[in-house]
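Descriptive structure summary
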Protein chains: 2
Amino acid sequence: MNLKQLAKELNLSISAVSKALRDSHEISPATKKAVLAKAKELNYQVNPFASGLRKQKSKTIAVIIPEVVNDFFGPVINGIESIAQEKGYHVLIYLTHEVEQKEVAIINLLQNGRVDGVMISISAQTSDTTHLEALKEKGIPLVFFDRIVERINAPKVITDDYNSGAVATNHLIENGCQRIAFVSLPNKLTITQKRMNGYLDALKNIHIKKDNSLILFCNGDEHKDKDLIRNLLKRKDRPDGIFASVEKLAIITYEVCEELNLNIPADVKVICFSNLKTAGLLNPSLTTITQPAFEIGREAASILFKLIEKKGHHFLLEKTTINSKLIKRISTEKTSGEK
Amino acid sequence: MNLKQLAKELNLSISAVSKALRDSHEISPATKKAVLAKAKELNYQVNPFASGLRKQKSKTIAVIIPEVVNDFFGPVINGIESIAQEKGYHVLIYLTHEVEQKEVAIINLLQNGRVDGVMISISAQTSDTTHLEALKEKGIPLVFFDRIVERINAPKVITDDYNSGAVATNHLIENGCQRIAFVSLPNKLTITQKRMNGYLDALKNIHIKKDNSLILFCNGDEHKDKDLIRNLLKRKDRPDGIFASVEKLAIITYEVCEELNLNIPADVKVICFSNLKTAGLLNPSLTTITQPAFEIGREAASILFKLIEKKGHHFLLEKTTINSKLIKRISTEKTSGEK
DNA sequence: AAAAATTACTAAAACGTTGTAGTAAATAAA
DNA sequence: TTTATTTACTACAACGTTTTAGTAATTTTT
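Going by what an unreviewed UniProt entry lists, chain A is known as LacI family transcriptional regulator and is assigned to Ginsengibacter hankyongi.

Encoded structure:
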């Protein structure tokens, strides 16, 4: 069913029907009513390819993330989808699996008008960002969330990473930790850097200086990351507190502690950036810095749609910060023997 | 950059360039080489709308699921995406949030050629399925996974739900449970029915007959579901075993048990269909029937692509069953006082 | 009552591909 | 040597919309 057939049924020209469907003032109310009725009757739907080709608009956005199986990115997608559904947009999902090469390939696929805008949280391994700059150069609206690229001039939605890093570290200090390890993704990522800076400054405040042997940069490969963390916790001078910068690393830490028979929180206290639904049900329950993931998704999507709709306006190019919150649970509690 | 401009740069006709890019035998090797080089130089990309319009192909599939924040659907998407990326397809995501009305609206959006195929796990509240039949009628390839519609003649990828239901129930029986509750989604869903039949037959085997007060049909609304489960566990004749048919309900069960100060597994044993990464780290660790979610995604996507590529062939219209497995953990263990 | 403006349409040209039909020139077959 | 075939292209008509530029007919203004 297309416009041509519909027009024939109605004894009207194709353009009249097209205009009637889009409620043009050039068409009389009576005709409009007739067209709408017939269109409904015959279940006419606009062909998105013809329409997209003509209007140079896709009504589609792309979301590029490292992974879906994740209690942060899941709710983010949820937030994005909720706004997209409101606005009548479609959502394409692409996963980089933390591989820079895949990210580049995906971005290159999107240069030809397939989407009206792109939202991305970059892969942990991305260091070169020319692919992202090229996309911006083409005039395709781009919004970063969480894992941003500082130097690219595009809207960014993030949490207060520096501050949260300090809060988490202080929480461990308050509960008696002296040797606090920072376990994290590669330090190319701005979230890693900021969270680490918060951690370092919190330590500096109590006159502890940076100890590189307590700072671990993982890379997203589960097995390798587990080895790194196992080595850290096997050391004689092992840390008494672990601050994990992402969810996955906290889970690995729990697994390793079980393996090595280390008690949380007596032997090691653990705090983590995490949106795990089950954080409160873990053994022991996990103290988290929780990001408002759904809201980040909604906010980032809203900004993207503003950008798409009012192209050329630059007043939106700022950073939006949504605060995380500390949820204290057992994994960082003082145990009876402690001062 | 389009074919016209590229052709002008090369002093060739548009069709020659088009054919060269698609490696047609009508074009000489020398010309092909020149075209490819120029296309790369100028970063030419085929316009997906023009191409889609002309070829009546979108190179896109739709995935319709109830939610993303879920350790089952997450890995499924992962599996789907991995196959789609291999095949050069794009993946549109739509969430129904368990609302039938949304599912209908989404399906209606897909009737106009936007996608070459659809994969769906239906909402828990879907009872009328004419929207899905209409989609099939239009000739758009459709594959069901996990939450299927039995009566629609389309490929289905599922797990051995009946058998797993029996295995889970037997496991509880073996560990001493006598009053086993079945906590589940609405019984419209075939997965609910089959899992329940497995449960009922396992009970019948030991001569326990169906007790409707021990069978709970939740509906996906977290608050209401929690109330239902709370009421179940507050009763004097509360069950000593709970078999939850989906992950979310097991988490709620854990929360309610904590709230009511019921010890798992001493007071109630809990088993659940679940893909929680953290099942082993929960307090207590949760015994699960785990579905091979990633493989389900890959398998369902593979079948969909076969269907897309060899349209009209009917040899693929079968059901594919991939087995789940029981992972025994503490939540169902016999406690010291038990026989 | 003539000129101007408005109403309610139609015709036709894009948008960027792809594939069919056509065509010179070169090569092979009769 | 003439005819048939192959090679390497070009021209052009789709695909289904949207939009600009018309145009009769009607209504309003002067």
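Some details on the pairing of strand β8 (residues 241-244) of chain B
Residues and elements named next belong to chain B. Covered by surrounding structure in β8 are Gly241 and Phe243 together with Ile242 and Ala244, the residues of both alternating faces. Note: strand β6 (residues 180-184) against β8, 4 bridges, orientation parallel. Counterpart to phenylalanine 182 in the pairing with β8 is phenylalanine 243. In the sheet, β8 pairs with strand β9 (residues 269-273) via 4 bridges, with the strands oriented parallel. Considered in β9, the bridge of alanine 244 is made with cysteine 272. Crossover connection from β8 via helix α11 (residues 247-260) to parallel β9: handedness right-handed.

Concerning the sheet that holds strand β7 (residues 215-217) of chain A
All names here are of chain A. Spatially, β7-β6-β8-β9-β10-β12 is the arrangement adopted by the 6 strands of the open sheet, whose pairing is mixed. Since the sheet does not close on itself, it has two edges, and those belong to β7 and β12 (325-327), each with one partner. Averaged over all pairs of adjacent strands, the angle between their axes in this sheet comes to 15°, without regard to strand direction. Here helix α8 (residues 161-174) sits on the sheet in contact with β6 (180-184), β8 (241-244), β9 (269-273), β10 (287-290) and β12, set at roughly 165° to β9.

Points about the interface of chain A and chain B
Contacts between the two partners involve 50 residues from chain A, matched on the other side by 50 residues from chain B. Between chain A and chain B lies a buried interface of about 4500 Å² when both sides are counted; carbon and sulfur atoms form 59% of it. Viewed at the interface, chain B and chain A are joined by 2 salt bridges. A salt bridge links Lys277(B) to Asp71(A); the shortest N-O distance between them is 4.0 Å. There are 15 residue pairs in polar contact (both at pLDDT 80 or more) connecting chain A and chain B. Elements with a minimum of two residues in the side of chain A that touches chain B: α4 (48-55), α5 (73-87), β2 (90-95), α6 (100-109) and α11 (247-259) of chain A. Split by residue class, the side of chain A that touches chain B holds 21 nonpolar, 19 polar and 10 charged.

So, the environment of Leu233(B)
Relative to the elements of secondary structure, Leu233(B) occurs in helix α10 (residues 222-234). Placed 23 residues apart in sequence, Leu233(B) and Val256(B) show a C-alpha to C-alpha distance of 8.0 Å.

Some thoughts on helix α3 (residues 29-41) of chain B
All names here are of chain B. Taking 1.5 Å of rise per residue, 13 residues should cover 18 Å, and α3 covers 18 Å from first to last C-alpha, within 8% of that figure. Against α1 (3-10) and α2 (14-21) lie the buried residues of α3. Phi turns positive, to about 55°, at asparagine 43, one or two residues after α3.

With respect to the sheet that holds strand β12 (residues 325-327) of chain B
Residue and element names in this part refer to chain B. Taken together, the 6 strands give an open sheet; going across it, the order is β7-β6-β8-β9-β10-β12, and neighbouring strands pair in mixed fashion. With one partner strand each, in any of the chains shown, β7 (215-217) and β12 form the two edges of the open sheet. Strand-to-strand twist in this sheet, taken as the mean axis angle between neighbours without regard to direction, amounts to 15°. In this fold helix α9 (residues 190-205) packs onto β6, β7, β8 and β9, with an angle of close to 175° to the strand it touches most, β6. Sitting on the sheet, α10 touches β6, β7 and β8, and the angle it makes with β7 is about 165°.

Conventions and cut-offs
Residues numbered from 1 in each chain as written. Chains lettered and ligands numbered in written order. Predicted model: local features only at pLDDT ≥ 70, side-chain atom pairs only at ≥ 80, totals over all residues. Heavy atoms only, no water. Buried < 20%, exposed > 50% of the residue type's maximum accessible area, 1.4 Å probe, protein only. Helix = DSSP H or I, 4+ residues; strand = E, 2+ residues; numbered from the N terminus. Pairing = 2+ DSSP bridges. Right-handed = clockwise from strand over helix to strand, strands pointing away. Axes fitted to C-alpha atoms, helices over the stretch in contact; angles between N-to-C directions. Contact = heavy atoms within 4.5 Å. Buried area = accessible area lost by both parts, 1.4 Å probe. Salt bridge = Lys/Arg side-chain N within 4 Å of Asp/Glu carboxyl O. Polar contact = N/O pair within 3.5 Å; in protein donor to acceptor, adjacent residues only side chain to side chain. Nonpolar A, V, L, I, M, F, W, Y, C, P; charged D, E, K, R; others polar. Expected span 1.5 Å × (residues − 1).

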